[in-house]
Amino acid sequence: MTFDDDFTLTIAGRAIATEAKVAVINPATEAVFAHAPAADAALLDKAVEAAQDAFPAWRDTPVAERRRVLLLLADAIETSAIDLGVLFTREQGRPTPLATREIKAGAAWLRAVAGQEVPVDTVEDSESRRVEVHHVPLGVVAAIVPWNFPFLLTIWKIAPALLTGNTVVLKPSPYTPLCALKLGEMARNILPPGVFNVLSGDDALGPLMSSHAGFAKISFTGSTATGKRVMAAAANDLKRITLELGGNDAAIVLADADPDEVAEAMFAGAFFNTAQVCIATKRLYIHEDIYEAVRDRLHALANKAVVGDGSGEGVTHGPLQNLAQYRRVKALIEEAEASGLTLLRGSAVPEGPGYFLPLTLVDNPPEDSAVVREEAFGPVLPLLRFSDVEEVITRANDSEYGLAGSVWSRSVERALDVAQRLNAGSVWINQNRQVAAHVPFSGFKQSGFGVENGREGLLEFTQTKAIYVPK
Ligand code: NAD
C-alpha cells in the first residue's frame, strides 16, 4: 500500500471524496502534509443509513463468520503495519518503531477480541422452565476516538462492536484521521458494505454524531469535558454510552521499593508517547526515605531522552500532538516555574518548528498546585514526597478522576493492601500501563462511564435479553 494525499471516507463499502477538507499537520514540523475529507451532516446521514441497512444481515451472520472476517482484517492491518507506522508518525508524532508497534498491537488486539465468545447464559434450569440470557447487538454504533492512541483505541471499539453484530460509524480525531481512513479503505474488500464506515471531519462532526438519532450507542474516548457533552446529547433518546475519559493517575512508591527499578519503569510509565497517555502516571508519590534516589534517577533518564521528530533515528520522544495541547502543557510548566517551584528539565529539544517540550519533573510541589491537580497530558510530572502510607492513600484518592494507579514495593502483599484501597479502575503492582483484551478497563468517578474490554466491555455492545422456555 502506498500513501499519498488520496484519503477518502468509507461509506457503504465505497470511497467517498469531499470538496471540503481538514488539513493534517505534522506536529514535528508544523507543516500541513495531507488533507482529509471533511464529512458534513448529509454524509453522516448517508453513513448512518448505510450502517442501518447493513445491520440486519450482519446481526444474523453467525458469530463464527463475523470472527473469520475480523481475522482477515487483522491480517490486512499486519501486512500494512510498516506503511501505517510511517503515516502514524507523521500525523501523531510518535517515533516510528513505537508507532508501528501500536499498529501491530491493534492487529493482535483485533485477533484477541475476535476469539472471544458472545455468551448465552442459562440462569435457571428447573423442572418447569429454562431461562436463557442472550446478548444481542444494539444496532449502529458511533465510535469516537482521540488523537493520542488513534489506532489501538479504534480497535478497542470496533472489534467488540463488530464481533457482537453491530455495525459501526468510526470518527477519528480531526488531528489524526489518516490511519483510520486507511483502515476503512482496507476494510472495503473484507467486510460487507455498510458494516464499517469511516468519517473524518472538523470539530462539528463529533457533536453531530452524539446527537444523531440513528445511533444506538456511542463508544467515546476523550476528555472528561467532552464526555459530559456526549452524555448530555445521548440522554435525548437514551442512547447507550461508554465513556473512557481523563485521568490523573497516582503512583505510590513505598519505602522498601528499589529506586533503580522504580525509576526505570516509572520513566516509561509517565513519559511514553510524550506523556500523552490517559493511564500515564501523572502524580508520583515517593516515600521520603528514597525520594532523592528516585528523583535523581528519573532526572538522569530524562537527560538521556532524545526528543525530536519521530521519523528520525534514535528519537525516543516525539512532539506534543497538536498546538492546543502544546500551549496548554507549556503554560502549566511556565505557571509552575513562575510560582517558584523547582523544575528539573530533561535533555534539550530541537529548535525551530515542532511542538516540542523537554521532559520535565517538578520537585515536590504543593498538593494544591495546578501541576498536581490538573491532568497535564504532557511531559510534566510532579514528584511528591510522603512519609505516612495512610496519608498518601488519602492524597492519591483526592481527585475527581480515578482511571488507574500503581503501587511499588518489594513486598507484593504490602502493595496489594494499598492497591485495594486506591479508587481507580486499574491498579498495577510494580508495573504500569498494563491493559489486555480480556481484562475489563474502566474509570472511577469522572474518568469514565461503563467498561471497555473483557467480557464486561464486550457485553456493553449488546442488549441483555432473557428468554423463558417452558418445559
Ligand atoms: P477530546 O475530548 O477533545 O476529543 C475526543 C474525540 O471527541 C475527538 O474525536 C473529537 O473530535 C470528538 N468530539 C469533540 N467534541 C465532541 C462532541 N461534542 N461529541 C462527540 N464527539 C466530540 O479529547 P482529545 O483531546 O482528543 O484526547 C485527550 C483526552 O482523552 C485526555 O483527557 C485523555 O485522558 C483522554 N483519553 C482517555 C482514555 C481512556 O481510555 N480513558 C484514552 C485516551 C485518551
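In the block above lies the structure referred to throughout.
Source: prediction; values computed, not measured.

Visitor: Any chance you could explain the overall build of the chain here in plain terms?
Guide: For the chain, the helix and strand inventory stands at 15 helices and 24 strands. What you see for the chain is a C-alpha radius of gyration of 23 Å, in line with the 23 Å of a compact globule of 471 residues. Structurally, the chain occupies a C-alpha span of about 65 × 65 × 40 Å along its principal axes. For the chain, the proportion of its 471 residues judged to be buried stands at 59%. Residue pairs at least 24 apart in sequence account for 74% of intrachain contacts in the chain once pairs closer than 6 positions are excluded. If you sum the accessible surface of the chain, you get close to 18,500 Å²; carbon and sulfur atoms cover 52% of it. If the 43 positive side-chain charges of the chain are averaged to one point and the 58 negative ones to another, these points end up 4 Å apart.

Visitor: Any chance you could explain the sheet that holds strand S6 (residues 129-137) here in plain terms?
Guide: Strand pairing in a sheet takes place through backbone hydrogen bonds and is either antiparallel or parallel in direction. Spatial strand order, S5-S6-S24: three strands in an open sheet with antiparallel pairing. One side of each edge strand has no neighbouring strand; the edge strands of this open sheet are strand S5 (121-125) and strand S24 (462-470). In this sheet, neighbouring strand axes are inclined to one another by 20° on average, regardless of whether the strands run parallel or antiparallel. Sheet analysis places S5 next to S6, joined by four bridges and oriented antiparallel. Of the residues in S6, the one forming a bridge with aspartate 121 is valine 133.

Visitor: Can you help me understand the site of the ligand in this one?
Guide: Around the ligand, 27 residues are found, and the nearest of them are Lys171, Ser223, Thr226, Leu245 and Glu375. Contact between the ligand and threonine 226: an oxygen atom at 2.7 Å from a side-chain N or O atom of the residue. A total of 860 Å² of accessible area belongs to the ligand in isolation, and the protein chains cover 89% of it. When contributions to the shell around the ligand are tallied by element, the ones reaching two or more residues are helix H7 (205-210), strand S10 (217-221) and helix H8 (224-235). Ranked by residues supplied to the shell around the ligand, first place goes to H7 with three residues.

Visitor: What is the right way to read a negative patch on the surface from this model?
Guide: On the surface, a cluster of negative charge is made up of Asp40, Asp45, Glu49 and Asp53. Within the secondary structure, aspartate 40 is located in the loop between strand S4 (31-37) and helix H1 (41-59).

Visitor: Any chance you could explain the nonpolar core here in plain terms?
Guide: What tends to happen in soluble globular proteins is that the nonpolar side chains get buried as a cluster. Within the largest apolar cluster, 90 residues are counted, with the highest numbers of intra-cluster contacts made by Ile77 and Leu191. When residues of this core are sorted by domain, at least three fall in each of domain 1 (9-245 + 447-470) and domain 2 (250-436). Contact partners of isoleucine 77, with chain neighbours within four places excluded, come to Leu84, Ile103, Ala107, Leu110, Phe151, Ile155, Leu183 and Met186. Judged by nonpolar contacts, the second largest core, of 31 residues, contains Leu254, Ile333, Val372 and Leu422.

Visitor: How should I be thinking about the sheet that holds strand S14 (residues 342-345) in this particular structure?
Guide: Read from one edge of the open sheet, seven strands run S14-S15-S16-S13-S12-S18-S19, paired in mixed fashion. If you trace the sheet from one side to the other, it starts and ends with S14 and strand S19 (426-429), each paired once. When the angles between neighbouring strand axes are averaged without regard to direction, this sheet yields 20°. Summarising the sheet, strand S18 (residues 404-408) and S19 pair through four bridges and their orientation is parallel. Bridging from a neighbouring strand, glycine 405 pairs with valine 427 of S19.

Visitor: Please explain the packing of aromatic side chains as it appears in this structure.
Guide: Think of a pair of aromatic rings as described by two things: how far the centres are apart, and how the planes are tilted against each other in angle. Evaluated as defined, the whole model comprises six aromatic pairs. Each ring, one from tryptophan 147 and one from phenylalanine 377, has its centre 5.5 Å from the other, and the planes form 70°; the classification is edge-to-face. Of the two residues, tryptophan 147 sits in the loop between strand S7 (140-144) and helix H5 (152-163) while phenylalanine 377 sits in the loop between helix H12 (370-373) and strand S16 (380-386), which places them 230 residues apart along the sequence. For the pair tryptophan 147 and phenylalanine 377, a shared accessibility class is recorded, and that class is buried. An aromatic cluster is built from Trp109, Trp156 and Phe441, whose rings are joined through pairwise contacts. Lying across the ring of phenylalanine 149, arginine 94 places its NZ or CZ 4.6 Å from the centre. The cationic tip of lysine 217 hangs over the ring face of phenylalanine 461; the distance from NZ or CZ to the ring centre is 5.0 Å.

Visitor: Honestly, the pattern of salt bridges in this entry has me stumped. Any pointers?
Guide: Side chains that carry opposite charge are capable of pairing whenever their charged atoms lie near each other. Applying the stated criterion across every chain yields a total of 28 salt bridges. Taking the shortest distance from any N to any O, the salt bridge between arginine 385 and glutamate 292 comes out at 2.6 Å. You can see arginine 385 sitting in strand S16 and its partner glutamate 292 sitting in helix H10 (residues 291-304), a full 93 residues away along the chain. Classification of glutamate 292 by relative accessible area gives partly exposed; the value is 32%. The salt bridge partner of glutamate 367 is arginine 395, with a shortest N-O separation of 2.7 Å. In this pair, glutamate 367 is assigned in the loop between strand S15 (360-363) and H12 and arginine 395 in helix H13 (residues 389-397), connecting sequence segments 28 residues apart. Assessed through its relative accessible area of 16%, arginine 395 is described here as buried. Among the ionic contacts, a cluster of salt bridges with common partners joins Asp75, Glu78 and Arg111.

What counts, and where the lines are drawn
Residues numbered from 1 in each chain as written. Predicted model: local features only at pLDDT ≥ 70, side-chain atom pairs only at ≥ 80, totals over all residues. Heavy atoms only, no water. Helix = DSSP H or I, 4+ residues; strand = E, 2+ residues; numbered from the N terminus. Rg over C-alpha atoms; globule rule 2.2 N^0.38 Å. Buried < 20%, exposed > 50% of the residue type's maximum accessible area, 1.4 Å probe, protein only. Contact = heavy atoms within 4.5 Å. Areas by Shrake-Rupley, 256 points an atom, 1.4 Å probe, with all protein chains shown as cover. Lys, Arg positive; Asp, Glu negative; His and termini not counted. Charge placed at Lys NZ, Arg CZ, Asp CG, Glu CD. Pairing = 2+ DSSP bridges. Axes fitted to C-alpha atoms, helices over the stretch in contact; angles between N-to-C directions. Near = heavy atom within 4 Å. Polar contact = N/O pair within 3.5 Å; in protein donor to acceptor, adjacent residues only side chain to side chain. Patch = residues over 30% accessible without salt bridge, like charges linked within 9 Å, V, L, I, M, F, W, Y side chains within 5 Å. Salt bridge = Lys/Arg side-chain N within 4 Å of Asp/Glu carboxyl O. Core = buried A, V, L, I, M, F, W, Y, C linked by side-chain atoms within 4.5 Å. Domains from an automatic or database assignment. Phe/Tyr/Trp six-rings, centres within 6.5 Å; stacked < 30°, edge-to-face > 60°. Lys NZ or Arg CZ within 6 Å of the ring centre and 35° of its normal.

By themselves these figures say nothing about function.
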